[in-house]
Structures are given as C-alpha cells and as structure tokens.
Amino acid sequence: MTRPEDVLVQRLGEAVVEQVRFRDDLTLIVPREHMLRALEIAGSTGFRLLTDLTAVDRHPAQPRFDVIYVLTSVEQHARIRFMVHLAADQTMPSATSLWPGANWLEREVFDLFGIRFDGHPDLRRILMPDDWEGHPLRKDYPLVEEPVEFKGHTPKVPSEIIPKSKPKLL
Amino acid sequence: MAVTGPPERGPSTTLGAGTIVSRAGSPTEATEADLRALESNILTTTVGRVVSWARKNSLWPAQFGLACCAIEMIATAQARFDIARFGSEAFRASPRQADLMIVSGRVSQKMAPVVKHIYEQMLEPKWVIAMGDCASCGGVFNNYALVQGVDKLIPVDVYVAGCPPRPEALLYGFLKLQELIAEPTHRRRR
Amino acid sequence: MGPQHPATHGVLRLVLELEGEVILNLEPVIGYLHTGFEKEMETRTYHQNIVFPPRIEYLATFIEEQAYVLAVEKLLGITAPKRAEVIRLILAELSRIASHLVYLGTAAIDLNVTSLLMYCFRDREEILDIFEMVSGQRMMHGYFRIGGLQWDLPQGFAERVQRFLDDFPRRLDEYETLLTDNLIWRKRTEGVAVLSAEDAIRYGCTGPVLRGSGVSYDVRKAFPYGGYADYEFDVPVGSNGDAFDRYRVRMDEMRQSRRIILQALRGLPEGPILVDDRKVALPPRRELVRSMEAVIHQFKLVSEGIHPPAGEVYASVESPRGEKGYYIVSDGSNRPVRVRVRSASFNNLQALPVMLRRGTVADVVVAIASIDIVLGDVDR
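Note that the structure is predicted; figures quoted are calculated from it, not measured. (Residues numbered from 1 in each chain as written. Chains lettered and ligands numbered in written order. Predicted model: local features only at pLDDT ≥ 70, side-chain atom pairs only at ≥ 80, totals over all residues.)

A.B. asks: Go over the overall build of chain C with me, naming the residues and quoting the values.
C.D. replies: Helix and strand counts for chain C stand at 17 helices and seven strands. For 380 residues, the compact-globule estimate of 2.2 N^0.38 gives 21 Å, and the C-alpha radius of gyration of chain C, at 21 Å, lies within 12% of that figure. Reported as C-alpha extents along the three principal axes, the dimensions of chain C are approximately 75 × 45 × 35 Å. Sequence separation of at least 24 residues holds for 70% of the intrachain contacts in chain C that already meet a minimum separation of 6. (Helix = DSSP H or I, 4+ residues; strand = E, 2+ residues; numbered from the N terminus. Rg over C-alpha atoms; globule rule 2.2 N^0.38 Å. Contact = placed C-beta atoms within 7 Å.)

Okay, structure coming up:
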C-alpha cells in the first residue's frame, strides 16, 4: 500500500526540486512559483489540514528565508512538509485562498519576519504593537537584553552565559 | 538651672504611652521620639488608624490576571488558600470598584498602555502588588517584547517573587501590604 | 471587549460590531501577551530552553515540556528509556486532567455556576500536590530532561496517584450532574458557537474543537509518541460542533486520561530514567569519582550543552487544546537556529468569528470558554 506522501510526490512531479528525509520526516523543497499549485495538489490528495505555516531566517546565508508549510492528512495519518527558499526581497503567494486558517499564520510571518504575502486580505501586524518598527525574529534584530544594574560591575546578560559554540558537523 | 540631659519620660498616663515630662522651668528640645509620642495622642491620627484598619481588611483586588501567575492567583482565591479570609472576598471586574491591583503575569509592550490606563482608572487610595518575577523585574524574559518589571509603568507597593509564587507566598505579600496600610497615614509613600 | 475582562480567559481583545445584541462582525486582537519565546529560545542552549515551554502553555505544563523534549530527542535520534517514557506519560495525562478541570471551572463560572470553580480547583490542587511531590514545583516544573527525567519518582507516588484516581469518577459524576442535565447549561451551550467539520479543518483547528465537530483526529492515535501506542483508550468525538459537544468531549477525555494512567501505573517498569548517551545526558554522580571521561563529558555538557546534528524536525503532541508542535532547526551548534511553537490555541482562535456568525453577545462568553484558549499559547 503506497504511503500518501509517495502518492503526493508522484502527483507533484517536477514541482519538487529536492526531497529531504530526516528522522522520519519528509520535506519537499518546491520553488516559489510552483508553491500555490503544490499546496492545491496536496490539499486534494488528502492533506487537508494546514498544521503550520512559518519561516526560518538563515541570515547571512542566501537565499535568506525558508518558508515552511506543514500539512497533515487526518484520515490517513500522514504529514508532509514543504519548504520554499525565498530571497529577502521576494514575496510569497498567499495560501488564504485555499485555507482561511492561513490568514493569521501569514500575518504572524509578516509581523516577525517581514515576508509579504500577495493576495492576503489583511496583511498587518498581529503580535507586536501596530506601530512597531522592525521584524523581531530576523537574525539581525537584537534580543534587547537589559543587564542587571550593579555598582561597578556589569554582569553577563543571560544569553551570553553559555555562548554559541561552533557547529559540530558530523 | 541647666538641663543636663534629655527630658525624662514620665509614667504612662491615660493620654498614651511616653508622655513627656520636662523639668520645671527649663527649655527642652523635642526629639523624634517625643514627636511620635505626641502624634499618638492626637485624635485625628487615631481615626486614621481605624480607617487604615478598615481599608487593609477589605482590600478588593481588580481582576488583572495576565499569564501563569494568574492561575496561581485564582488558586489563592479558591478553597484551599482562600484569600477571602483576609478580606478579599470579591475580585472586582471593574477597576473603578477595586483598590488593589495584583499584576500577575508578564506585561508585554502591547499591554503596557492598558496597564497604565487601568491603574489610572482605579480610585485613590490604591495599592499595587507585583506578583511574580515577570511583574517585578521581567523575570526569565529579558527581551524586546516585555516591559522589564511593571514598576517601570506604575508605582508598586509589594513585590512577590516566584515563578509563579506559591499561593502562600502571595498571601504573605498580601499580609505585608496590610501591614503597610496599617501604619499611620502620613508615613505612606504618597 | 478589552484585554482586561473577566470572561476573555486572559488578555484577549475582541472588537465586536453589533446591531443590538446580534454580532455582525467580530475580530480578535491578540499579541497582548507576546513574550518573544521563539527568539528567546534561539539564544539559549537546548538544555536551558527546557524552562520556557511550561510558561507558554501554563495550564498543561508537563505536556508542553514533553513536546519540547520529544522534539529535541527526535532531532538527536534517541528515545528515553521505557521507565522515563511511562512516567512522562502519567504526568502528561495528569496535566491533561488538570487543564480540563480549569476549563470546566472557568467555563462554568462564566455562566455563573460559581461552585464548580471551587470544586475543580480543589481537585486541581491535589494534582498539583502530586506534581510538587515529583518535581518540586507546582506549575513550572523543569523536570523532564533531554533523554529522560531529572530524577526518579519519590516513594509513595503510585499510591498518591491511585488515591486521587479512585475518587475521581465520583467527582466527575457530581460535576456532570450539575451541568449535563441542567436546562440552563444546555440552553446556553447547545447550538451555540457551532463549527462545522469542514470549517474546522479549513481553519486548522485541532483538539476538542475539531473532535467536537465530528472529526476524529488525535495526535496520540494518529502519530503515536511517548508510549501511547501501548495503552488502550478511546478518543471521544462529538457530532454537532457546538459548545455542548466540546464540553462532552472534554469530560470524556478526563475519564479516558484516568484510564490511561491506571494502565500505565500497573505496567510501570523498573530501570534507568536517563538515556545512557554521554553526549546527551549527564553521567551519574558516582561515575565522576571513577572515570575521567565522565568528568570531561560532564564538563562539556554543562559548559557547552548538547550538539544535535544539523537538520530540522517537527514533533507534535496532543495538548488539551489541540496539536502542539515544535519545529526545531539545528545547525549543529549548541543553540537552535529556530524553535517554532505550533500552538493549538492560535489556530483554534481564528475560528471564533466563524463560530459566532449571527450570534449574540451572550454567546461570545460561551464560545471563548468552549475553545479553551490559553493566551500564552496564542501569543507566545
């Protein structure tokens, strides 16, 4: 019995640029132009629940953003992940035409990353105050930590106590 | 005749403890202790003490639960820890009817003007307990999204530490606030 | 309906457009509790990050911790030993019961059944006593570790849990008598805040909101994790998608949780509670005296932390509100590149305007209570 993910990969055909299998998760990397079509096909293959829509900032690597879509099939108990590599100045097509639930998810991505979605009915900030400047989850946005005030001594801020180590690539 | 030392304290009379008795005919210097003793005899301060007693035993908090500490605040109001036995029978929904604001939880940048607005809507006399680490100093979260301590917005009377503070800790802070209120009026922060 | 309101279950703001009592348009405004968890978690090691999840969804604290720890373990490719898994499961199900009790109490008090809040919190206090016994903290535990648990269970844990569960069905029956056949409760919740199955899926709702509308999707059955596949339990499903069905679903879920815990307690295995991998979990203390490698591992783990391989995983659990997922991106260093918290309440709250189409103001209170949101989960 073919797994629903494999059926989907077959139906998507050339839209999928790369398949990544890591720890039982299947991620399909799709170029930006084919994304909406791929989502539509996935929706009709049984992956009807849009579980998550988010982004990752890879700064300073290029292309800067990865936009992630996680879809679930409630009947067949399967999950699929789409990833789109997006440059900093590009916009994404909005998925609200397929799932009204993508509305707030895309607003959150816009609020925290600054990625605009074309065709979104109401793209504005959702978590930060309306007049906030900057997109907090970007890598070049600082955490804005306030060190504790002591006399004659500035202690480390919490994020410096264990500094970031070099990546250990096995 | 010279006075060699401070005026000696006479025995207690019906007027109150520590009545000043000075040597006949000599000028005396009133000390801080004397002034205090004098105050306790004046009628208006006694009324002030009664009013403070009434206020501290019927503090009505405004419902101002923000985050996790709010759950512990609700638990403090429930059957096991029962804040009602200390007078807070009713948590008022409207800040205009409340005299205590227990800021329980983290105050985000978006919420800050709301906190200020609600504090200003409360009528004098009013007190504030900053419950939990986030309300006291920002807590675990030292970042762009939170106001590092609600005392950056409004004056706080009692800080209760903990993440979240146990209901017993909140009750202890509450009792400390009651002690603060019970002191004579002129020594209050305002 | 401003951020400070007794019936919004937290700092939620609703902008209502009314015509008399009828709602023409409803818009939830969120963000009043945005704490920057996701950014904060990017600046700490994986082990330091364990303190944050319970503060996100502060009503089901062990489930939240379990979600994060399972995601990191999936990234590492390890599983906790069996005993640790079963203990996590027991505590997670107790968390679920505690969370549903808060739902019951607050939903009831919103409709002025004031005594239920007292009863439910009394029962919740007993569960919190058990949590304190195990981890030292009533709410924000920090008891789970990547690869297992912080320490083993104290003596008397099983008897304490058993004692609580023995009395629990009688109490649940009492609460059901108060509500389920109560005419006022039924009139206020039946047919109110209706969400069709189609709408629920299109809005990405999960948990009792989705199951109340008739779709049987539970992460514990669909993508079994943490040992749930070994136990027998049913997933209650409603049919009408109204507030009453969601109430029934949550009441039945509490009974099913009790069923799971009893099975787990019976089959609680002996064994280690922390995985044996020295690159992930601290070595036991007595080894530090004998072995130099153990000291070095301890030093490295404490001063730097674990180094998962580069990659991305998504792992989810069934929280009392729905599917709680963690999407963790690692680049091989000791800090995550991205921690994304897929929160159930965020998606469920989006469906609120759909539920209240042509509803009345009085229904708003019922609807919000029936979705059972936690604003920390919505705003993160």
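The rest of the description comes next.
A.B. asks: Can you break down the overall build of chain A residue by residue, with the values?
C.D. replies: Of regular secondary structure, chain A possesses three helices and seven strands. Order of helices (α) and strands (β) in chain A, N terminus to C terminus: α-β-β-α-β-β-β-β-α-β. Each principal axis of the C-alpha atoms in chain A carries an extent, and together these give about 70 × 45 × 30 Å. Expressed as a percentage of the 170 residues in chain A, the buried residues total 36%. Long-range pairs, those at least 24 residues apart, make up 47% of the contacts in chain A with a sequence separation of at least 6. (Buried ≥ 20, exposed ≤ 12 C-beta atoms within 10 Å, placed from the backbone.)

A.B. asks: Report on the sheet that holds strand 2 (residues 100-104) of chain B, specifying residues and quantitative values.
C.D. replies: All names here are of chain B. Spatially, four strands are ordered 1-2-3-4 in an open sheet, and the strand pairing comes out parallel. Where the open sheet ends on each side, the last strands, each with one partner, are strand 1 (61-62) and strand 4 (158-160). As paired strands, strand 3 (residues 127-131) and strand 4 are joined by three bridges and run parallel to one another. Bridging across to strand 4, M131 finds its partner in V160. Relative to the sheet, helix 6 (residues 167-182) contacts strand 3 and strand 4, its axis offset from that of strand 4 by approximately 170 degrees. (Pairing = 2+ DSSP bridges. Axes fitted to C-alpha atoms, helices over the stretch in contact; angles between N-to-C directions.)

A.B. asks: Give a description of the pairing of strand 3 (residues 49-57) of chain A that names residues and reports values.
C.D. replies: Residues and elements named next belong to chain A. By the criterion of burial, strand 3 is predominantly enclosed, with nine of the nine residues buried. Sheet topology places strand 3 next to strand 4 (residues 65-73); eight bridges connect them, and they run antiparallel. If you follow A55 over to strand 4, its bridge partner there is V67.

A.B. asks: Describe the interface of chain A and chain B, with residues and values.
C.D. replies: Each side of the interface is counted separately: chain A has eight residues, and chain B has six residues. Considering only residue class, the side of chain A that touches chain B consists of six nonpolar, no polar and two charged. (Nonpolar A, V, L, I, M, F, W, Y, C, P; charged D, E, K, R; others polar.)

A.B. asks: Kindly report on the interface of chain A and chain C, identifying the contributing residues and their values.
C.D. replies: The interface is formed by 36 residues belonging to chain A together with 48 residues belonging to chain C. Counting residues per element, the ones that place at least two in the side of chain A that touches chain C are strand 3, strand 4, strand 5 (78-86) and helix 3 (102-113) of chain A. Sorting elements by how many residues they give to the side of chain A that touches chain C places strand 3 of chain A first, with six residues. Grouping the amino acids of the side of chain A that touches chain C by side-chain chemistry returns 20 nonpolar, seven polar and nine charged.

A.B. asks: Hey, could you go over the pairing of strand 2 (residues 22-29) of chain C for me, with residue numbers and the actual values?
C.D. replies: All names here are of chain C. The sheet contact formed by strand 1 (residues 13-19) and strand 2 spans seven bridges and is antiparallel. Within strand 2, the position partnered with R13 by the bridge is V29. The hairpin turn running from strand 1 into strand 2, its antiparallel successor, is two residues long, and G20 in that turn takes a positive phi close to 75 degrees.

A.B. asks: Break down the environment of M73 of chain B for me, with residues and values.
C.D. replies: By the secondary structure assignment, M73 of chain B is in helix 3 (residues 68-77). Not counting residues up to four positions away in its chain, the partners in contact with M73 of chain B are G65, I102, S104, M131 and L170 of chain B.

A.B. asks: Summarise unusual backbone geometry; cite the residues concerned and give the values.
C.D. replies: Going from Q62 of chain A to P63 of chain A, the amide bond is cis rather than trans, its omega being -10 degrees. Positionally, P63 of chain A belongs in the loop between strand 3 and strand 4. Of note, the amide linkage connecting E124 of chain B to P125 of chain B takes the cis form, showing an omega dihedral of -10 degrees. In this structure, D24 of chain A is a non-glycine residue whose phi angle is positive, near 65 degrees.

A.B. asks: Describe in detail the packing of helix 5 (residues 114-135) of chain C against helix 6 (residues 157-179) of chain C, supporting the description with residues and values.
C.D. replies: Residues and elements named next belong to chain C. One way to put it is that helix 5 packs onto helix 6 with a least axis distance of 11 Å and a crossing angle of 165 degrees. Regarding the angle of helix 5 to helix 6, the classification is roughly antiparallel. For the element pair helix 5 and helix 6, the recorded crossing hand is left-handed. Residues L116, Y119, D123, E126, I127, I130, M133 and V134 of helix 5 form the contact with helix 6, whose participating residues are F157, R160, V161, F164, R171, Y175 and L178. For the contact of helix 5 with helix 6, the class distribution of residues is eleven nonpolar, no polar and four charged. (Parallel < 35°, antiparallel > 145°, perpendicular 65-115°, else oblique. Left-handed = near helix turned anticlockwise from the far one by under 90°.)

A.B. asks: How would you explain the nonpolar core if you had to name every residue and give the values?
C.D. replies: Counting residues in each nonpolar core, the largest one holds 205 residues, and the members touching the most others are V103, I129 and M131 of chain B together with A71 and A367 of chain C. Ranked by residue count, the leading element in this core is helix 4 (residues 82-110) of chain C, at 16 residues. For A71 of chain C, the residues in contact, after removing those within four places along its chain, are V313, A315, Y326 and I328 of chain C. (Core = buried A, V, L, I, M, F, W, Y, C linked by C-beta atoms within 7 Å.)

These figures come from the coordinates and say nothing about function on their own.
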